[in-house]
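Examining the three-dimensional arrangement
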Amino acid sequence: AQSVTQLDSHVSVSEGTPVLLRCNYSSSYSPSLFWYVQHPNKGLQLLLKYTSAATLVKGINGFEAEFKKSETSFHLTKPSAHMSDAAEYFCVVSLFSGTYKYIFGTGTRLKVLA
Amino acid sequence: EAGVAQSPRYKIIEKRQSVAFWCNPISGHATLYWYQQILGQGPKLLIQFQNNGVVDDSQLPKDRFSAERLKGVDSTLKIQPAKLEDSAVYLCASSLVAARPLAPTNEKLFFGSGTQLSVL
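Residues numbered from 1 in each chain as written. Chains lettered and ligands numbered in written order. Predicted model: local features only at pLDDT ≥ 70, side-chain atom pairs only at ≥ 80, totals over all residues. Heavy atoms only, no water.

**Some details on the pattern of salt bridges**
Quick note on the threshold: Any carboxyl oxygen of Asp or Glu within 4 Å of a side-chain nitrogen of Lys or Arg constitutes a salt bridge here.
Summed over all chains, the structure comprises seven salt bridges over all chains. Linking Asp-57 of chain B and Lys-62 of chain B is a salt bridge whose minimum nitrogen-to-oxygen distance equals 3.7 Å.

Pasting the structure below:
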């Protein structure tokens, strides 16, 4: 069965320091993986996705994620945090079984300190 | 392009009352999803439509929740009667229909802004 585990429910970083949000997945075959961001009172926005073309995926706003099959991980990183990055981040795995189904992690709330 | 439209944006009701939410997906998107997001949790799929047919409603509390997508375009989700634990954000999402796996670049899920429901 497909599942995702986000290892940290809350992460705090200082502005200008690196961001690391961790995600591990479970999948019986090569998965599609996504990171979505949700700002307060806003809808979910796609940050980036992995679909086996390249293990290092670059997304919007300077975020990137690396797919590591040996570690079943898909961690999200950014070299330098900005105040506007404060939001909830969701790791998502999809499976295709006649149609696409998307399974969400429990989310990581990122706080950026001035 | 226009995004996924949802209304209302906020709703406050008392327990045992009824409420309905509306969603209009992106034009051409045949697959529509309703998710429930309780505070502090990730979105949970309630029901998934492909055109006007239900693909998955295994997590929909059918004694009180119902959903329809009569013409394969917009959809309504109803709760009757509401309980306190139904307080959540209800998210609608849409994607391209796929009889077989899409080309990777085409696999995307687009979300509306959600309806925040408070049951008092």
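More follows now that the structure is in view.
**What to know about the interface of chain B and chain A**
Here is the rule we go by: Contacts: residue pairs with any heavy atoms within 4.5 Å of one another. When two parts are brought into contact, each loses some accessible area as probed by a 1.4 Å sphere; the total of that loss over both is the buried area. Nitrogen and oxygen atoms within 3.5 Å of one another constitute a polar contact, given that in protein one can donate a hydrogen and the other can accept it, and given that sequence-neighbouring residues count only through two side-chain atoms. A helix here means a DSSP run of H or I that spans at least four residues, while a strand means a run of E at least two residues long, and both kinds are numbered starting from the N terminus. When residues are grouped by polarity, Ala, Val, Leu, Ile, Met, Phe, Trp, Tyr, Cys and Pro land in nonpolar, Asp, Glu, Lys and Arg in charged, and all others, Gly among them, in polar.
The interface is formed by 30 residues belonging to chain B together with 22 residues belonging to chain A. Taken over both partners, the interface formed by chain B and chain A buries close to 2000 Å², and the fraction arising from carbon and sulfur atoms is 50%. Among the residues chain B hides against chain A, the three largest losses belong to Glu-107, Leu-109 and Phe-111 of chain B. Together they make up 28% of the total. Applying the counting rule to chain B against chain A returns one salt bridge. Across the pair Asp-56 of chain B and Lys-101 of chain A runs a salt bridge whose closest N-O atoms are separated by 3.5 Å. Inspection of the region where chain B meets chain A yields four residue pairs in polar contact (both at pLDDT 80 or more). Listed by contribution, the elements that provide at least two residues to the side of chain B that touches chain A are strand E4 (31–37), strand E5 (44–50) and strand E6 (53–56) of chain B. Here the element with the most residues in the side of chain B that touches chain A is E4 of chain B; it accounts for four residues. When the residues that make up the side of chain B that touches chain A are grouped by side-chain class, the tally is 13 nonpolar, 12 polar and five charged.

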